[in-house]
Amino acid sequence: MSLTKPATLSDVALMAGVSESAVSRTFTPGASVAPATRARVVQAAASLGYRPNAIARTLTTRRSRIIGVVVSYLQNQFYPVVIEKLSQTLQRHGYHVLLFVSDGHETGATVDDQLMDVMQYQVDGLVLASVTLSSAIAKGCRAAGVPVVLFNRTAPIEGVHSVASDNHAGGCLAAQALIQAGCKRIAYLAGLEDASTQIEREQGFKDTLHEAGIEVFARAVGHYSYERACAATRDLFSRATIPDGIFAANDHMALAVMDTLRNELGLQVPQNISVVGFDNVPQSAWLAYGLTTIEQDAQAMVTSTVEVLMQAIEADSTTAIFEARKVVAPVRLISRSTVAG
């Protein structure tokens, strides 16, 4: 049995009648190639069965065209949307996503150990979605020339970029919606206590209630978890006097609140209690929920994340990595049917 030798870049160049560098540029994402040249190269490559070697190109260019993405968990309906948009946007820039799922969600722990694994893949950049890292690992990333963007989190770490929503403003909008609905006993369902999103949303919520002469009636912690939010709801409504309004720090928990109220406690939303969430995940618009929520603009956040990454990767020195950018995306109230009015 005879084995056919794989076609090489030189073979393609010879058949297409172009230089080897033109072939290389044709298969390099983002490189400039004349349309006619690209067409000849692609046709020749197809005829010869030529396949570019991404590993070899990495050795030559010292770039993997891979972005490592670490996400805390995927049960929250916001993150599958984000990952899809992030992957598509990076692909348009000639990059691909290497996804890791952290196990630090319940504790809010850093992902230092996991990042050491990610770095072995020679990633060109890192996006950490709803997780954070230590200053020591951040310093190591800077030394390696790998820019880091925190997505939907902020942290006072030198050289680490961040893209997040205006969570304080979102908390204010949630409080305003419940106040305008005439709620007097307003509860708050917190996420992870140490998460920047949780802290900022709660502070905005409390500030606006205080300005209206109202204090938080009750508080429980759902850890951004469906199951824990259900348990927290049972606790809040086991008391002699129950809330008439509740702000859950994300939609994932708000949906759990609604399921528990309706299916276990026999309460109606919004007739007995008004509910506001945060994120505007696709499920919140389903007729079964119709959740009033604070919208995070996932596409705008993803676009900003990719812009920050591309600028840092293309920088000639590490200056852009040290000069961290902090992007804050605006939010807005999406009114549906879970707030009385």
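Since the structure is predicted, the reported quantities are computational estimates derived from the model, not experimental observations.

What counts, and at which threshold
Residues numbered from 1 in each chain as written. Predicted model: local features only at pLDDT ≥ 70, side-chain atom pairs only at ≥ 80, totals over all residues. Heavy atoms only, no water. Helix = DSSP H or I, 4+ residues; strand = E, 2+ residues; numbered from the N terminus. Buried < 20%, exposed > 50% of the residue type's maximum accessible area, 1.4 Å probe, protein only. Contact = heavy atoms within 4.5 Å. Polar contact = N/O pair within 3.5 Å; in protein donor to acceptor, adjacent residues only side chain to side chain. Expected span 1.5 Å × (residues − 1). 1 Å grid on protein atoms, 1.4 Å probe; cavity = no way out; pocket = protein on both sides within 12 Å on 5 of 7 lines; lining within 4 Å. Points joined across faces, edges and corners; volume = space filled by probe spheres on them. Nonpolar A, V, L, I, M, F, W, Y, C, P; charged D, E, K, R; others polar. Lys, Arg positive; Asp, Glu negative; His and termini not counted. Salt bridge = Lys/Arg side-chain N within 4 Å of Asp/Glu carboxyl O.

Caption draft 1: Examining the environment of Thr 338 more closely. Assignment of secondary structure puts Thr 338 in the segment after strand 12 (331-334). On the basis of relative accessible area, Thr 338 is assigned to the buried category, the value being 0%. For the pair Thr 338 and Gly 290, spaced 48 residues apart in sequence, the C-alpha separation works out to 6.5 Å. Contact partners of Thr 338, with chain neighbours within four places excluded, come to Met 258, Val 269, Pro 270, Ile 273, Ser 274, Val 275, Tyr 289, Gly 290, Leu 291 and Thr 292. In this structure the side chain of Thr 338 is engaged in a polar contact, spanning 2.7 Å, whose partner is the backbone oxygen of Val 275. Here the side chain of Thr 338 touches Thr 292 through a polar contact of 2.8 Å, landing on its backbone nitrogen.

Caption draft 2: Structural detail: helix 9 (residues 196-211). The terminal C-alpha atoms of helix 9, which comprises 16 residues, lie 23 Å apart, in line with the 22 Å expected from a rise of 1.5 Å per residue. For helix 9, the full list of buried residues reads Ser 196, Thr 197, Gln 198, Arg 201, Glu 202, Gly 204, Phe 205, Thr 208 and Leu 209. Elements that come into contact with the buried residues of helix 9 comprise helix 8 (167-180), strand 6 (186-190), strand 7 (218-221), strand 8 (245-248), strand 9 (274-279) and strand 10 (292-296). Gly 213 lies just past helix 9 and shows a positive phi near 75 degrees.

Caption draft 3: Representation of empty space enclosed by the protein in the model. All chains considered together, the criterion is met by two cavities of 30 Å³ or more. By volume, the largest cavity is sized at about 100 Å³. What lines the largest cavity is a set of 15 residues, among which Asn 76, Tyr 79, Ser 130, Asn 152 and Tyr 224 lie closest to the centre. Looking at the lining of the largest cavity, its residues break down into four nonpolar, eight polar and three charged. Roughly 30 Å³ of volume is contained in the second largest cavity.

Caption draft 4: The arrangement of the side chain of Arg 201 in detail. With respect to the element layout, Arg 201 can be found in helix 9. For the buried Arg 201, no salt bridge is present, and the opposite-charge side chain at shortest range is Asp 279, 4.2 Å distant. Among the polar contacts made by the side chain of Arg 201, one reaches the side chain of Asn 167 at a distance of 2.7 Å. At 2.6 Å, the side chain of Arg 201 and the backbone oxygen of Ala 249 are in polar contact. Discounting residues that sit within four places of it in the chain, Arg 201 has contacts with Asn 152, Asn 167, Gly 171, Tyr 188, Tyr 224, Phe 247, Ala 249, Asn 250, Phe 278, Asp 279 and Gln 296.

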